[in-house]
Structure formats: structure tokens, C-alpha cells
Amino acid sequence: MLENTQTILEASHDQPLNYRLSLLVQMLQALVYLHRRNVLHRDLKPANVLVVDGRVKVLDFGLSVMQDHSDEVQNSAAGTLGYMAPEVLVGDALTAAADLYAVGMIAYEMFAGQHPFNPDTSDPGTLVNHVLYTQPDMSQIDVNDGIIYVLERLLAKKPEERFKEATEVIQELDDA
């Protein structure tokens, strides 16, 4: 068991932008490692991304699948509803883009201080509707336009409009 851990949201709370970006990039580097090995995490959420002494640890691979076997679980939406990509909810093909959507949700929370769709609602149907059809309000985030662009692409409703790989996201964040 890891000691002195915080979720990525707890660790980034009230921290300077550069530190929050460092945590985000570390999470993306973990995804680069997984995706290059054809592993889709499928349950990225703050509770599964812990920080120990400034180092990010991605945990809980209970729902992970090999990408070349993802068609076997295609019609089973698995994960945490507030972090599931729209295509997962409707049973479309699973790709790395779904993990990147979850990164976008976590990043939004890191920068805005709140989830874009209030996942604690008592009505899961409302949350599903938001995930499928509502664009997150970027006016809640006080960062430069380059970071806003990255968040908008990560949170695109269509997977083909998102980044293809975590390395692209890291490069865009570096450029921003």
C-alpha cells in the first residue's frame, strides 16, 4: 500500500500552474507507456491517479483491456460514469481516445476546481446527457488559450476530433 498519497486533484489544489501541468504530463506519460503496449486503462479517474512525493502513479487496472481485444468488451460500458467518453456510453469501438477523454475530464477539474457536469447528481441520465451532448464551460478555467485548446480537444464528443496519442497532448501542452 502506498503511504502519504493524494489524488491528483488533491495534490494539484492551490498549486502553481507549472506544478499542475507537471502532474498532468506525468499522467500522460503513463498513458504513453500503456498505449504503446496496447493497454487501454478504461477507468481513469482522480481516485486511480495518485501522487506520492510529487510523482504520479496510475493505479487500478481491473477494467483494463488489450486494445486488440477491445471488440470483446465493446458493448459493455465499464468505468466511472463521470469520466467515460461518449463513445464508451453508446457502445462504439474502444480506442486510446477514450482514455484521453478521461484525462481531459481530470484536467478540467484540476484547472476549474470542479467537474464540468456535476457527477454527484442523483440522476445518472442527466450526467449521461451531459457527457453525450454538453460542451464543458471553458470560461470556468483561468489558463492561457493554448491550454484551453488542449482541453477542448481532449473533451471533444467525437473520438476522431481528439488527440490520437498522449504524446501529441504532451507536445501541445509543452507548446502552450
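Scroll up a little and you will see the structure.
Residues numbered from 1 in each chain as written. Predicted model: local features only at pLDDT ≥ 70, side-chain atom pairs only at ≥ 80, totals over all residues. Heavy atoms only, no water.

> Would you mind going over the environment of Leu 100 in detail, with residue names and values included?
With respect to the helices and strands, the residue Leu 100 is situated in helix α4 (residues 96-112). On the basis of relative accessible area, Leu 100 is assigned to the buried category, the value being 0%. Residues Leu 100 and Val 52, 48 residues apart in the sequence, show an inter-C-alpha distance of 22 Å. Those residues in contact with Leu 100 that lie beyond four places of it in its chain are Leu 28, Leu 31, Leu 154, Phe 163, Lys 164, Glu 165, Ala 166 and Val 169. (Helix = DSSP H or I, 4+ residues; strand = E, 2+ residues; numbered from the N terminus. Buried < 20%, exposed > 50% of the residue type's maximum accessible area, 1.4 Å probe, protein only. Contact = heavy atoms within 4.5 Å.)

> Account for unusual backbone geometry, with residues named and values stated.
Of note in this structure, Asp 53 is not a glycine but carries a positive phi near 50°. As for its placement among the helices and strands, Asp 53 is situated in the loop between β3 (49-52) and β4 (55-58). For Asp 53, a relative accessible area of 73% gives the class exposed.

> Tell me about the pattern of salt bridges, residues and numbers included.
Side chains that differ in charge, positive against negative, can pair when their charged atoms come close. This model, assessed by the stated rule, comprises two salt bridges. Salt-bridge contacts for Lys 45 lead to Asp 43; the nearest nitrogen and oxygen are separated by 3.9 Å. Taking the relative accessible area as the measure of exposure, Asp 43 reaches 7% and is therefore buried. Across the salt bridge formed by Arg 162 and Glu 87, the nearest N and O atoms sit 2.7 Å from each other. Residue Arg 162 is located in the loop between α6 (145-154) and α7 (166-175), and its partner Glu 87 is located in helix α3 (residues 86-89); the two are separated by 75 residues in the primary sequence. (Salt bridge = Lys/Arg side-chain N within 4 Å of Asp/Glu carboxyl O.)

Distances and angles like these do not, on their own, reveal function.
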